[in-house]
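Chain residues, written in single-letter form:
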Amino acid sequence: MAQFLSDEWLDAAQAIREEYRGKAGAPPHVIKMNLIIKECPDGVGAGGVVQAHMDSTEGEMEMDLGHVDSPQLTVTLPYGVAQAILVDGNPQAGMAAFMSGQISVTGDMTKLMAMQTGAVDPVQLEIAGKIKAITD
């Protein structure tokens, strides 16, 4: 098991996503989003911040470090909330954090809201379970 967003975790999560490349259905919504994950623990990110992105414009959800050009939105959130949403699959944690001002969004907020409404692909659920299993 590895700490969320550590180099070891990123490599393991990428390997899992590569194992399933082309096997999941197309994402229900097209999104090009940058993430700024703050308040990261020691050893994660640069200065306690991780810059990442999610991009489904090519028909498959890509997640990686760094920012993409011309995102539709940028979401800034604390490390613990990012883990609750992205690893634990807890959208309620995200909603509570947003309502309390811990999450800020710039850009097209409707894109973020649309992500909550799509049907979940069984292959994506399997990928999420494997990623959760490798996470400390």
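Relevant structure appears above.
What this report covers is the structure whose coordinates are included nearby. Fair warning: this is a prediction, and the values are worked out from it, not measured in the lab. (Residues numbered from 1 in each chain as written. Predicted model: local features only at pLDDT ≥ 70, side-chain atom pairs only at ≥ 80, totals over all residues. Heavy atoms only, no water.)

1. Here's the deal with the packing of helix α1 (residues 7-19) against helix α5 (residues 122-133)
- In the contact formed by α1 and α5, the axes pass within 10 Å of each other and the chain directions differ by 155 degrees. As summarised for this structure, α1 and α5 are arranged roughly antiparallel, according to the angle between their axes. Taken as a pair, α1 and α5 cross one another with a handedness that is right-handed. Mapping the contact onto sequence places Trp9, Ala13, Ile16, Arg17 and Glu19 in α1 and Ile127, Lys130 and Ile131 in α5.
- Looking at side-chain class alone, the contact of α1 with α5 contains five nonpolar, no polar and three charged residues. (Axes fitted to C-alpha atoms, helices over the stretch in contact; angles between N-to-C directions. Helix = DSSP H or I, 4+ residues; strand = E, 2+ residues; numbered from the N terminus. Parallel < 35°, antiparallel > 145°, perpendicular 65-115°, else oblique. Left-handed = near helix turned anticlockwise from the far one by under 90°. Contact = heavy atoms within 4.5 Å. Nonpolar A, V, L, I, M, F, W, Y, C, P; charged D, E, K, R; others polar.)

2. Points about the environment of Cys40
- Note that Cys40 resides in the loop between β1 (32-38) and β2 (50-55).
- Each C-alpha atom of the pair Cys40 and Leu77 lies 10 Å from the other, and the pair is 37 residues apart in sequence.

3. Points about the nonpolar core
- Of all hydrophobic cores here, the largest spans 30 residues; its most connected members are Leu5, Trp9, Met33, Leu35, Ile37, Val75 and Leu77.
- Secondary-structure elements contributing two or more residues to this core are α1, β1, β2, β4 (73-78), α2 (79-86) and α5.
- With four residues, α1 is the largest single contributor of residues to this core.
- In contact with Met33, not counting residues within four places along its chain, are Ala52, His53, Met54, Leu73, Val75, Leu112 and Met115. (Core = buried A, V, L, I, M, F, W, Y, C linked by side-chain atoms within 4.5 Å. Buried < 20%, exposed > 50% of the residue type's maximum accessible area, 1.4 Å probe, protein only.)

4. A word on a negative patch on the surface
- Together, Asp7, Glu8, Asp11 and Asp136 line one region of the surface with negative charge.
- Its place among the elements puts Asp11 in helix α1.
- Judged by its relative accessible area of 57%, Asp11 is exposed. (Patch = residues over 30% accessible without salt bridge, like charges linked within 9 Å, V, L, I, M, F, W, Y side chains within 5 Å. Areas by Shrake-Rupley, 256 points an atom, 1.4 Å probe, with all protein chains shown as cover. Salt bridge = Lys/Arg side-chain N within 4 Å of Asp/Glu carboxyl O. Lys, Arg positive; Asp, Glu negative; His and termini not counted. Charge placed at Lys NZ, Arg CZ, Asp CG, Glu CD.)

5. Some points on the pattern of salt bridges
- Within the structure shown, the criterion is met by three salt bridges.
- Arg21 is the salt-bridge partner of Glu62, the closest N and O atoms lying 2.7 Å from each other. Highlighted residues: Glu62 in strand β3 (residues 62-65) and Arg21 in the loop between α1 and β1, separated in sequence by 41 residues.
- One continuous salt-bridge network, built from bridges that share partners, spans Glu18, Arg21 and Glu62.

6. Structural notes on a nonpolar patch on the surface
- A contiguous nonpolar surface patch, about 330 Å² in accessible area, is contributed by Met95, Phe98 and Met99.
- Locating Met95 in the fold gives a position in helix α3 (residues 91-99).

7. Here we look at the packing of aromatic side chains
- Per the stated rule, a full pass over the model turns up two aromatic pairs.
- With 5.0 Å between their ring centres and 80 degrees between their planes, Phe4 and Trp9 make a pair best called edge-to-face.
- Here Phe4 falls in the buried class, since its relative accessible area comes to 1%.
- Overall, the relative accessible area of 7% leaves Trp9 in the buried class.
- In this structure an aromatic cluster arises from ring pairing among Phe4, Trp9 and Tyr79.
- The positively charged end of Lys23 is found above the aromatic ring belonging to Tyr20, 5.8 Å away from the centroid. (Phe/Tyr/Trp six-rings, centres within 6.5 Å; stacked < 30°, edge-to-face > 60°. Lys NZ or Arg CZ within 6 Å of the ring centre and 35° of its normal.)

8. Description of α1
- For α1, which comprises 13 residues, the first-to-last C-alpha distance of 18 Å matches the rise-based estimate of 18 Å (1.5 Å per residue) to within 8%.
- Trp9, Leu10, Ala13, Ile16 and Arg17 are the residues of α1 that are buried. Relative to the axis of α1, the buried residues are bounded by an arc of 125 degrees and lie together on one face. Among the exposed residues of α1, those oriented more than 90 degrees off its buried face are Asp7, Glu8 and Asp11.
- Close packing links the buried residues of α1 with β3 and α5. (Expected span 1.5 Å × (residues − 1). Arc of directions from axis to C-beta.)

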